[in-house]
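# Commentary on secondary and tertiary structure
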Amino acid sequence: MEEFIDEDLLGICIPTFNRAEYLDVCLDSIVNAISKINFPIYISDNASTDGTEGVISEYKKRYHRIVHVRNETNRGLYRNILNVIKLAKTEYIWLMGDDDAIKEDSIDIIISNLKKGYDYIIVNSTPYDEKLEKAKPDKVITCKNNKVYRRGESGNLLVDLKKWAYHGFISSMIVRTSIIQELIPKYENKNFVLYNNIWTPLAMFYEAFKDYEGLFLCDPIVKNRDNPRPSGKDAWNYFYIDRIKVMEYLGSIGYDYKLLRRALDFKISSAIFFAIMSKTMRPGIILFNESIKEDRMIPYRIKCVIFLIDRVPLLLLKKFRDIIDRLREA
């Protein structure tokens, strides 16, 4: 862009841990895109034990505006995200996953829309395979026009993203720095209801969006790496328990529960089946978990069904699992 651009308009924030090879690709794409503009890059290394330190050192030689801190111990992804956001001194921050990349010709699109004064921008992404080589067209969000969300309409954004089925969350969020940094002390508090929840960063961004105006940017800006999802007990928390807690929290701060239920699209039957098959949880956790028991996200009649299912003798569940295991081995 020929016109003058404030070098402190946007900062790229990257939390990273033991992904030196991925980080190399990520930083290469960012530096190629922003080097002529001199936007800063903030990196918080979560005590990596691989070659992450060396990758960052090489890029510091290539690009002078990299701010890098290294945690003495692994503080977990959630706290590392908070840490890198706190580093930012720019007007806006763009949270970027260390395993993703941005398209080189995309930065002008971001700048032109930030100059319109939006408080946040959600950028579209193109999902790729784990090697970031082959696009997955069946998961691409297709849309014809950008969509503006007025003050108080961010609940509709949650629903739309669910309807669109896929977006690269951690690399999609651009927000005014002052808004997101104001929330950090609450989210750092160990007594906070969502402390260390897997989806807490999502809650923090949507809390930041709630009373402000933003934009969904239709142009696919991010190349999003599709990494393996968790399994077993971690998957139960990832797909069900932690997500429900986040939605409940968003409802408690003013989001419409009807919109949240649509955004969550919680299929109770698949959750029960998963609980039985995982061999790590019983379905009753949904009913008896203190946060879920009073949860307005789950209708009363469904809770009653879960209650009855939870009373199925463990012996029957064991037999059911044995039958499935035999079928798997057949």
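The model shown is predicted, which means the values in this text are computed figures rather than measured ones.

### Considerations on the environment of Asp28
- Along the chain, Asp28 falls in helix 1 (residues 20-34).
- It is 8.2 Å that separates the C-alpha atoms of Asp28 and Tyr59, two residues lying 31 residues apart in sequence.
- If we ignore the near neighbours within four places in the chain, the residues touching Asp28 are Tyr59 and Arg62.

### Comments concerning helix 1
- The terminal C-alpha atoms of helix 1 lie 21 Å apart, and with 15 residues this matches the ideal 21 Å at 1.5 Å per residue to within 8%.
- Every buried residue belonging to helix 1 is among Ala20, Tyr22, Leu23, Cys26, Leu27, Ser29, Ile30, Val31, Ala33 and Ile34, and all of these are buried.

### Digging into the nonpolar core
- One finds Ile85, Tyr187, Phe205, Tyr206, Phe209 and Leu250 to be the most contacted residues of the largest nonpolar core, which totals 53 residues.
- One finds Ile14, Cys26, Ile111 and Leu215 within the second-largest nonpolar core, a separate group that totals 38 residues.

### With respect to the packing of aromatic side chains
- Scanning the entire structure with this criterion turns up six aromatic pairs.
- Centroid distance Phe192 to Tyr249: 5.3 Å. Interplanar angle 90 degrees. Geometry classified as edge-to-face. One end of the pair, Phe192, is in the loop between helix 7 (177-188) and helix 8 (200-209); the other, Tyr249, is in helix 9 (residues 232-252), with 57 residues separating them in the sequence.
- With relative accessibility at 10%, the residue Phe192 sits in the buried group.
- Judged by relative accessible area, which is 9%, Tyr249 ranks as buried.
- Plain terms: the ring middles of Tyr206 and Phe209 are 5.3 Å apart, the flat faces sit at 70 degrees to each other, and that makes the pair edge-to-face.

### Description of the side chain of Thr177
- When you line up the elements, Thr177 lands in helix 7.
- The class of Thr177 is buried, set by a relative accessible area of 3%.
- Looking at Thr177, its side chain comes within polar contact range of the main-chain oxygen of Thr90, at 2.8 Å.
- Sequence-distant contacts of Thr177, defined by excluding residues within four places in its chain, comprise Ala88, Thr90, Glu91, Tyr92 and Ile93.

### Details of helix 10 (residues 257-264)
- Along helix 10, the residues that are buried comprise Tyr257, Leu259, Leu260, Ala263 and Leu264. End-on, the buried residues of helix 10 take up no more than an arc of 155 degrees, which puts them together on one face. Those residues of helix 10 that are exposed and angled more than 90 degrees off the buried face are Lys258 and Arg262.

### Things to note about unusual backbone geometry
- At Asn38, a residue that is not glycine, the phi angle is positive and equals roughly 70 degrees.
- Structurally, Asn38 is set in the loop between helix 1 and strand 2 (41-45).
- Although it is not a glycine, Leu132 sits at a positive phi angle of roughly 60 degrees.
- With respect to the helices, strands and loops of the structure, Leu132 is situated in the loop between strand 6 (120-128) and strand 7 (147-149).

### As for the confidence of the model for the protein chain
- Chain-level statistics for the protein chain give a pLDDT mean of 82 and a share of 77% at 70 or above.
- At the level of individual helices and strands, the protein chain shows its lowest average pLDDT in helix 12 (residues 285-288), which scores 44, and its highest in strand 2, which scores 98.
- This model gives residues 279-293 a pLDDT under 50, and the stretch forms 47 contacts once residues within four places in sequence are excluded.

Rules used in this analysis
Residues numbered from 1 in each chain as written. Predicted model: local features only at pLDDT ≥ 70, side-chain atom pairs only at ≥ 80, totals over all residues. Heavy atoms only, no water. Helix = DSSP H or I, 4+ residues; strand = E, 2+ residues; numbered from the N terminus. Contact = heavy atoms within 4.5 Å. Expected span 1.5 Å × (residues − 1). Buried < 20%, exposed > 50% of the residue type's maximum accessible area, 1.4 Å probe, protein only. Core = buried A, V, L, I, M, F, W, Y, C linked by side-chain atoms within 4.5 Å. Phe/Tyr/Trp six-rings, centres within 6.5 Å; stacked < 30°, edge-to-face > 60°. Polar contact = N/O pair within 3.5 Å; in protein donor to acceptor, adjacent residues only side chain to side chain. Arc of directions from axis to C-beta. pLDDT = per-residue confidence, 0-100.

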